[in-house]
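Summary of the model geometry
This is what each chain is made of:
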Amino acid sequence: MKKKQFAVIGLGRFGGSICREFATMGYDVLAIDNDMEKVNEFATIATQAVQANSTDEKVMKSLGIRNFNHVIVSIGEDIQASILTTLLLKEAGVNKVWVKAQNDYHHKVLEKLGADRIIHPERDMALRVAQLISSEKIIDFIELSHEHSIVEIGVTDKLVNKTLTDLDVRARYGCNIVAIKRGDEIHVSPIADVSLEYGDILVVIGKNEDLNRFEDEGV
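Residues numbered from 1 in each chain as written. Predicted model: local features only at pLDDT ≥ 70, side-chain atom pairs only at ≥ 80, totals over all residues. Heavy atoms only, no water.

Named according to an unreviewed UniProt entry, the chain is Potassium transporter Trk originating from Fictibacillus phosphorivorans.

1. Some words on the UniProt feature "domain: RCK N-terminal" (unreviewed entry) in the chain
Applicable threshold: UniProt positions are given in the numbering used here, feature names are shortened, and annotations may be inferred rather than shown by experiment. Strands are runs of DSSP state E lasting at least 2 residues, helices are runs of H or I lasting at least 4, and numbering of each runs from the N terminus.
The UniProt record annotates "domain: RCK N-terminal" (unreviewed entry) at residues 3-119. Secondary structure content for residues 3-119 is 41% helix and 23% strand, and the end C-alpha separation is 25 Å.

2. Here's the deal with the domain arrangement of the chain
To be explicit about the condition: For every domain, the bounds stem from an assignment made automatically or drawn from a database.
Its domain assignment divides the chain into domain 1 (5-119) and domain 2 (124-218). The C-alpha-based centres of domain 1 and domain 2 are spaced at 35 Å.

3. A word on helix α1 (residues 13-24)
Note the cut-off: Multiplying 1.5 Å by the helix residue count minus one yields the expected span of that helix. Residue burial is assigned from relative accessible area. The probe radius is 1.4 Å, only protein chains are included, and a residue is buried under 20% of its type maximum, exposed over 50%, and partly exposed in between. This arc corresponds to the set of directions leading from the helix axis out to the C-beta atoms. Throughout, a residue-residue contact means that at least one pair of heavy atoms, one from each residue, lies within 4.5 Å.
Counted at 1.5 Å a residue, the expected span for α1 with its 12 residues is 16 Å, and the 16 Å between its end C-alpha atoms agrees. Among the residues of α1, those classed as buried are G15, G16, I18, C19 and F22. Down the axis of α1, the sector holding all buried residues measures 160°, keeping them to one side. Exposed residues on α1 whose side chains face more than 90 degrees from its buried face are R13 and T24. Structurally, α1 contributes buried residues whose contacts are with β1 (5-9), β2 (28-33) and β4 (70-73). Two residues or fewer past α1, G26 is found with a positive phi of approximately 90°.

4. Notes on the packing of aromatic side chains
For clarity, the threshold we go by: Working definition: rings of Phe, Tyr and Trp (its six-membered ring) pair if their centres are within 6.5 Å, and the pair is stacked with planes under 30 degrees apart, edge-to-face with planes over 60 apart, and tilted otherwise.
In this structure the tally under the stated criterion is 4 aromatic pairs. Considering the side-chain rings of F6 and F22, the 4.0 Å spacing of their centres and the 15° angle between planes classify their relative orientation as stacked. A residue pair is termed long-range when its members are at least 10 positions apart, and F6 in strand β1 and F22 in helix α1 qualify at 16 residues. We note that F6, like F22, is buried.

5. A word on the pattern of salt bridges
Using the following cut-off: Salt bridge, as used here: a side-chain nitrogen of Lys or Arg that lies within 4 Å of a carboxyl oxygen of Asp or Glu.
A full pass over the atoms with the stated rule returns 8 salt bridges. Where E57 meets K61, a salt bridge forms, and the shortest distance between an N and an O atom there is 3.6 Å. Taken together, the residues E57 and K61, both in helix α3 (residues 57-62) and 4 residues apart, mark about one turn of the helix. Classification of E57 as partly exposed rests on a relative accessible area of 46%. Here the salt bridges do not stand alone but share partners, grouping R182, E197 and D200 into one network.

6. Focus on the pairing of β4
Which entries qualify depends on this criterion: Paired strands, as defined in this entry, are two strands with at least two bridges between them according to DSSP.
Burial of β4 is two-sided: the residues H70 and I72 facing one way and the residues V71 and V73 facing the other way are all buried. Examined bridge by bridge, β1 and β4 share 4 bridges and lie parallel to one another. Paired with V8 across the two strands is I72, which belongs to β4. Of the strand pairs in this sheet, β4 and strand β5 (residues 96-100) are connected by 4 bridges, and their pairing is parallel.

7. Side note on the sheet that holds strand β7 (residues 138-143)
How we decide: A fitted line through C-alpha atoms serves as each axis, taken over the contacting stretch for helices, and the angle formed by two N-to-C directions is quoted from 0 to 180°.
Strand order in the open sheet made by the 5 strands is β7-β8-β11-β9-β10, with antiparallel pairing throughout. In this open sheet, the two strands that pair with only one neighbour each are β7 and β10 (185-188). Averaged over all pairs of adjacent strands, the angle between strand axes in this sheet comes to 20°, irrespective of strand direction. Sheet topology places β7 next to strand β8 (residues 148-154); 5 bridges connect them, and they run antiparallel.

Have a look at this one:
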């Protein structure tokens with residue numbers, strides 16, 4: 001199987017962190033930035049680090065940008081450059097283009113351009129941290145949309161030795177237990193008669209209001 005190839009445009013805190021993670025995972029990474037100092041910083045981290053203007057179509061073509069599986073656009077404060085880069089990448093036929101948005105206006109424009117995923121790192125992390133701090137039961141939280149999320153909830157005394165049939169989460173609360181974490185193992189689509197144990201973690205998906213109700217009443 002051909003190794004996945006990623007390109008990261010913009011090597012600030014967010015883009016630089018992603019570049020490092022891809023490199024650690026063993027993927028081929030092309031790191032692009034206008035700032036030569038940042039390019040030099042990633043020269044020994046990325047597979048290739050290049051100083052380039054990502055809004056220049058000829059330069060992007062010369063780098064073979066359309067051959068990359070995913071391109072992450074993480075350009076700092078220059079919203080115009082981010083928009084033009086996204087447009088160029090979509091027109092070039094890049095398979096997946098993920099873009100960091102600076103604000104809601106930027107987000108709307110990126111949607112119109114067909115960005116495959118739009119990321120708000122600070123806002124997303126703030127939401128995640130707020131959820132974790134505000135609840136003693138939720139271990140982790142992932143927002144899927146404004147209305148739906150996935151949460152990891154630790155099994156409390158109230159749930160120990162009960163089965164999923166006993167809980168009947170779907171009928172009572174309208175959400176679904178999609179997996180159970182037990183030690184180093186993850187049981188996906190667990191059977192209904194499995195008994196919950198101390199230390200188990202329930203992975204639950206559903207509407208936010210239903211998840212909150214389950215957390216308040218069921219756990």
